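Next come the chains, spelled out residue by residue.
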Amino acid sequence: MELANANPVVLNPSDLPTRKQHTISQGADGKNASIFTYSVPVNSTDPFFQSASSEASDSDDEYEAEAIDEQEIYDLVATMSDPEHPITLGALAVVSLPDISIRPTIPNRPESPLKTVTVLVTPTIQHCSLATVIGLGVRVRLEESLPARFRVDVKIKEGTHTTADEVNKQLADKERVAAALWNPTLQSFIKKMLETCE
Amino acid sequence: MAEDDARAYVLAFENNNTEAARFASQTAQRLQHGECKLVDIIKATGEYLQNTDPKIRERATNYLSAIISALPTKTLTRHDIPVLNLFLCSRIQDGGAIDGLSKLQRLDRYSKENAQELAQAIFDNFSDMSDRKQAERYQVYMLLNELLSNHRQAMLDMGDGSLLGYVHVVGGEKDPRNLMLIFSMLRVFMIEWDVSKHVDTMFDAVYAYFPITFRPPPNDPYGITAQDLKDRLKDCLASTGTLAPSTFPNLLDRLDSTSEVVKKDVLQALAACASNYDPATIAQFSIPLWDAVKFEVLQAQEPFLADEALNVIKNIAICLSRKASPHAPEWKADPLIQYLKPINKECLEHLQEPASRQAGASGDILKAAASATARSFEVVIKAIGPALFSLQQSSEGINNQRAILSVVNKVFEASIEVYGSWTAPSEKNKEEQPTLLAEFKDRLLAIYSRALMSTVREEVSYRLAAAKGLLLLAEQKHLVDENEIGLIVQHFNEIVLDEESYGRDELKQRVMQSLAQISQSRPRLITDITFPKFIARLPDDEDQAAASKDYQSVLEGLAEISVGKDLLETLIRRLLNKLDILVQTSGQQYPYTCAILSTVYYVLDRSARDPQLSLDSYFQRVVVGFARKAASASDGPLADETVLNLLGRTVNLIIRRSSNENKDEAAQNIYNLFRETSSNGAHHTSLILPSNVLILSTWILAALPKSSNAGILGEPLIPLIRILRKQADRNTSTKYSVAVEQACLKQITILINKHVSKQEDIAEVERFFYSAVECVSGSSSGQAEEGERDWHCAVRYLFTISKACLLRLMRFADQILISLINLLESLPPEKARYLALGFGTLLSQDEILSKVNEAQIRLLAPQRVFQKIVPMFSEHFRDPKATQEQKETYLIALSGILGSVSSDIVMPELPTLLPLLLQSLEISDANQNVKVATLETMMVVITKNPDALIESGHIPALTRRLVAAATLPKASRKSAKASAAMKTNKSIDTTMTDAPSSSVSSSSPKTRQLALHCLTLLPQHVKDQKTPNPLLSLKREVLNGLAICLDDPRRDVRKEAVDARARWFRNVDDADDSDEE
């Protein structure tokens, strides 16, 4: 099969956004596990004394609820691979953190749990014939992985594709999406994209 | 006489093989002693040999074969052999003839002519073997193979005759066992015969089998794998360049295959051909090969295929660097240059867009080509070196710059492979020439240093590439001098010590590893430059340390770079000096002191991996010095439990690695702790004060060998155990300290497990156990808190004794288990629950009662305990009188045991255990440890023994319970959010957790995560070939259940839920469905 873009630009994994960046302060004591684990008192492994110490740190109340944010959406889709190359969408910059947004579905009721996720996809080249497949894959991934109170909106980023409008129309049309997913060729494409997600 | 034997043989053959063999050897002996002649025997057998019944003829032939094999090699004369040979050859189709011939041809006097006669007979008679059995065919091939190895010259003299004959006979074979033989024979022909006139025949004979699609049957008794066949076939194809005009075009055609396995076979065959064929041959095909193979790298779909393709590219370059054989045609130009020219050109074109995917692949190609030989490195570097510099100057954007550095790094790696590294010379550079990089050295150092040190810290990957490159430059043989490496070391120091932490700190980690690497081969640089800088960063006291906080990474760095002996000793000396000052201060907490002690321990422990190493030199300084200080300290760091534990650990390690004299001295000082004013004999009554120091005593006691007889260990042990027990109790009544009680109890376990050996002492220990049981079972008199504390202490004491006895499997081990379980049943629920916790200690890993401390841990102890205890649990559990509370108590006890034994021991008991495990997933109790232990066991069961699960029929039950355990009930989901919102109001939190969870049992995050992980594992492992997938009917239910988990308040849990759901979406199919694809 002829490749739509045989030679895309690839980013280094070290430069992709990760959650660790936001939590530098937490990393300081956790990372030195190798040497300083010995400082743990001996009785921590004794079940007679364990229940008192460990349970507290593991309960839900100690932690702030971690809401689903843009980085989490990014982590869901960035690990998918391109249908043409064994390279992730993140490394190809097809999806990027600034192009993901989460908004309340009902604008005048921001406290409502209903949310809309918008992901803008940047195809590697203007006339990429696989833009629809990528968009579809991203959509499938998010619908599988997000709770029902999230609405998913996947679009081609403005000005990055010659037939963006047509592709967007297709991606927004629920029935066309559902029909497309019955297509065995598309199914195998999407399966391949999702293989690298774990 | 001969006739009798022949008849006897023929008659006996059918019923009694050994008897028949005896007759044959009888005849052979007679022949040997000259009592009869070969002619007589043949005459005697004649009647049978002429018989019309093929069975009788076969027996007669067998008779002759048996005689031949029973004879010594020299008995048959030069006249006998041709007669026998001719005769057997004429009967070659008869059973037994092949056998006889193969024995005959092994004889010393078997001549060339005989061999050729035999070969011809085989060619004539076995031209079509398709209707013969595998074993028969195998026998023929074996004979052919032996002819080839024993009578090579005879076969060679037959020329084309033997070649064509062999090829004809072996054609059409399909059995893997036979093919192994055939491939190795064909290879001999390819190499030693002139095959130039029969290229097509030979090629077809071999290539017909390409690609091998053989899949060995399950439990294959012959153990021939597809890879074995592939390797032999590959060797055949690669054996002679004469085949090249057929091999290469055909193989390249196959490269278009859609199967990755076929592609891999093709690439491996090409690589083998490239390294075996003559340079002159390869030169003809090098360009078309490059043109075909490059796509596998530039547009790689699978990394392993790219690696194979790179190997082909490299092998061609290696081959073309060899001198062509003298009779090869003269080439107008050097074939290596001809080959590398288009490679360099194309790679340079791709490199014009450095960050693109194909530029990265081009780097790999250049590395493969350059690393082949010194000559090819020269050709590549001359072509691309200058171009890379100008690219580096003209490219814009960090991403492009980073990509260029990565490509250059690959060239550096190639240079190390060709010219050798600072530690190892290279085979490819016997003359020890300097690397051609020398020409560019100064420019490279400047570019890389600037990239590393003058770039903002956000550009992680760019700086990582620069750091990697600098290390690679330092590693080159004869390139960078000491001063220049020193400069690199300074850069690295600066990054580790002066830069602020950023992101995942990948750069700091990489640089630290690089320093450790440099330390191994250039320790002086590290001693002079890095070490003092790091030491200077260490704070002087706890207060300073609390202010700076980054001492941990400094200590970690110091530990990492101090690999050599000298550096190590210096480091420990410096750290101990710090400690001397630190232990004199006072305060509340001592994290810095602990960190330094940890580092000392870590470094000593690492060097102690060398079993020869003795740590005697630290005995006086650390063991005696610090123990003495601790003995007199009433406050400060040396009275702190954590510090004492760490110190104890270090002391323990040093004593274990010391001389016997030092060990004896330590034994004298277990409680005295090297105090100068030793009050002899008084140590029993006034054990020691301050009591915290008992922690140190425990570690010293643990380090002493079992055989030690010095000091207190030479005296009666039973009184000592009594004193320790009292000490533990006294501790309970006055100021309570967990650590002191544990220290006493640990010492009791050590004494019972390691040192009690006399029969009467063992009997005394048994009495201790029963009185402890009584103590626990009797109702405690006081209602007060003190009474309860005493009782708890008694339980812990009980398990202390039990563990020590069980691990060495004392004779009353079974009674111990029975008594413990009876206690569990008879105690009131509250107390039983506490008792149940103790079961987790019985087999758990113990740092003090451990193998390195020479504890007596019988190999079978865990298994014996487990096998004894599980049926008892199960029985009590099914007892209709058992209350729900009791059942839960059993499950807590069980989970404790499950958590501490290896899965090999658990698996055989699975049928008994599964129902219990399922129950414990439902346990309403807030004790999450039970669920965690159960889920961890389930994880092992699912991965290692899914068949047992399928057979048990519990899969639906398990799956539903897992989903329930993974789901946070709605009410508490809301409450989690509410509590997050009102975090300040602590009282709400406590009421939430204390409230009895009657309606819903909420799982802790860890439980939810583990349950989800089990669900992720299920589709992967539960697959049944025979019946429909048992998960299929659950798919919808699980997917719906998991949809709720996607909204879990914890991120880790959600991640696990996403993975589980993806698996269930795509990996749970009907077996038929997946076959159709």
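Everything numeric in this text was worked out from a predicted model, so none of it was measured.

Concerning the overall build of chain A
Scanning chain A from N- to C-terminus turns up 8 helices and 3 strands. The buried share of chain A, taken over its 198 residues, is 46%. Within chain A, contacts between residues separated by at least 24 positions form 68% of all contacts whose residues are at least 6 apart in sequence.

Things to note about the UniProt feature "domain: MMS19 N-terminal" (unreviewed entry) in chain B
The UniProt record marks residues 42-299 of chain B with the feature "domain: MMS19 N-terminal" (unreviewed entry), using the residue numbering of this structure. Its end C-alpha atoms 72 Å apart, residues 42-299 of chain B is made of 69% helix and 0% strand.

Here we look at empty space enclosed by the protein
All names here are of chain B. According to the stated counting rule, one finds 9 cavities of 30 Å³ or more in the structure shown. Of the pockets and cavities examined, the largest cavity occupies roughly 170 Å³. Gly385, Leu388, Phe389, Val408 and Leu444 are, among the 16 residues lining the largest cavity, the residues nearest its centre. Residue assignment for the lining of the largest cavity shows that the elements contributing at least two residues are helix H20 (374-394), helix H21 (398-419) and helix H22 (441-453). Sort the elements by how many residues they give to the lining of the largest cavity and H20 lands first, with 6 residues. Residues belonging to the lining of the largest cavity are distributed by class as follows: 14 nonpolar, 2 polar and no charged.

Overview of the side chain of histidine 876 of chain B
Residues and elements named next belong to chain B. Structurally, histidine 876 is set in helix H41 (residues 861-878). Residue histidine 876 is classed as buried on the basis of its relative accessible area, which comes to 16%. When residues no more than four places from it in sequence are discounted, the contact partners of histidine 876 are Ile821, Glu825, Ala882 and Tyr890.

Details of the sheet that holds strand S3 (residues 150-156) of chain A
Residues and elements named next belong to chain A. Reading across from one edge, S1-S2-S3 is the order of the 3 strands in this open sheet, with mixed pairing throughout. Both outer strands of the open sheet, strand S1 (100-104) and S3, are each paired with one neighbouring strand and no more. Put simply, the sheet's adjacent strands are angled 20° from each other on average, direction ignored. Two elements, strand S2 (residues 115-121) and S3, share 7 bridges in a ladder whose sense is parallel. Residue valine 121 lies in a different strand from S3, and its bridge partner there is isoleucine 156. Packed on one face of the sheet, helix H4 (residues 70-78) meets S1 and S2 and runs near 130° to S1.

So, helix H23 (residues 460-475) of chain B
For H23 of chain B, which comprises 16 residues, the first-to-last C-alpha distance of 23 Å matches the rise-based estimate of 22 Å (1.5 Å per residue) to within 8%. Along H23 of chain B, 15 of the 16 residues are buried, which leaves the element largely enclosed by surrounding structure.

Thoughts on the nonpolar core
Membership of the largest hydrophobic core comes to 421 residues, with the highest contact counts inside it found for Val138 of chain A together with Leu104, Met155, Leu270, Phe839 and Trp1064 of chain B. The contact partners of tryptophan 1064 of chain B, leaving out residues within four places of it in the chain, are Thr959, Leu1015, Leu1018, Pro1019, Leu1031, Leu1034, Lys1035, Val1038, Leu1039 and Leu1042 of chain B.

Considering the packing of aromatic side chains
Residues and elements named next belong to chain B. Under the counting rule described, the total for this entry stands at 17 aromatic pairs over all chains. Ring geometry for phenylalanine 248 versus phenylalanine 285: centroids 5.0 Å apart, planes at 50°, classification tilted. Of the two residues, phenylalanine 248 is situated in helix H14 (residues 244-254) and phenylalanine 285 in helix H16 (residues 279-298); the sequence distance between them amounts to 37 residues. Between phenylalanine 377 and tyrosine 419, the aromatic rings sit 5.3 Å apart at their centres with planes inclined by 85°, giving edge-to-face as the arrangement. Taken as a pair, phenylalanine 377 in helix H20 and tyrosine 419 in helix H21 lie far apart in primary sequence, 42 residues in all. What makes phenylalanine 377 buried here is its relative accessible area of 0%.

With respect to the confidence of the model for chain A
Residues and elements named next belong to chain A. Model confidence for chain A is summarised by a mean pLDDT of 76, while 76% of its residues fall at 70 or above. Helix H1 (residues 24-30) is the least confidently modelled element of chain A, averaging 35 in pLDDT, while S2 averages 91, the highest of any element. Under a pLDDT of 50 for its full length, residues 21-33 has, in the predicted model, 9 contacts with residues more than four places off or in other chains. Within the model, pLDDT remains below 50 along residues 51-58, and this stretch shows 9 contacts once partners closer than five positions in the same chain are excluded.

Quick notes on the rules
Per chain, residues are indexed from 1 in the order of the written sequence. As they are written, the chains are lettered A onward and the ligands numbered 1 onward, keeping that order. Local features in this predicted model are restricted to residues whose pLDDT is 70 or higher, and side-chain atom pairs enter the listing and the counts only when it is 80 or higher, whereas totals over whole chains, interfaces and linings include all residues. Hydrogen atoms and water are omitted, and side-chain values are computed over all heavy atoms in the structure. A run of H or I in DSSP becomes a helix once it reaches four residues, and a run of E becomes a strand once it reaches two; helices and strands are each numbered from the N terminus. Classification of residues uses two cut-offs on accessible area relative to the type maximum, computed with a 1.4 Å probe and protein chains only: under 20% is buried, over 50% is exposed, and between them is partly exposed. Throughout, a contact is declared for two residues whenever any of their heavy atoms are within 4.5 Å. UniProt positions are given in the numbering used here, feature names are shortened, and annotations may be inferred rather than shown by experiment. A 1.4 Å probe that fits into a set of points on a 1 Å grid over the protein atoms alone but cannot get out defines a cavity; an open set with protein on both sides within 12 Å along at least five of seven lines defines a pocket, and lining residues are those with an atom within 4 Å of a point. Grid points are joined across faces, edges and corners, and a volume is the space filled by probe spheres set on the points. For this scheme, ten residues count as nonpolar: Ala, Val, Leu, Ile, Met, Phe, Trp, Tyr, Cys and Pro. Four count as charged, namely Asp, Glu, Lys and Arg, and the remainder, Gly too, count as polar. By definition, two strands form a pair when at least two bridges between them are found by DSSP. Interaxial angles span 0 to 180 degrees and are taken between N-to-C directions of axes, which are lines fitted to C-alpha atoms, for helices over the stretch in contact. Expected span of a helix: the number of residues minus one, times 1.5 Å. Only buried residues count toward a nonpolar core. Its members are Ala, Val, Leu, Ile, Met, Phe, Trp, Tyr and Cys residues joined through side-chain atoms within 4.5 Å. Centres within 6.5 Å are what make two rings of Phe, Tyr or Trp a pair, Trp counting through its six-membered ring; a difference in plane orientation under 30 degrees is then read as stacked, over 60 as edge-to-face, and the rest as tilted. The predictor reports its confidence for every residue as pLDDT, a score running from 0 up to 100.

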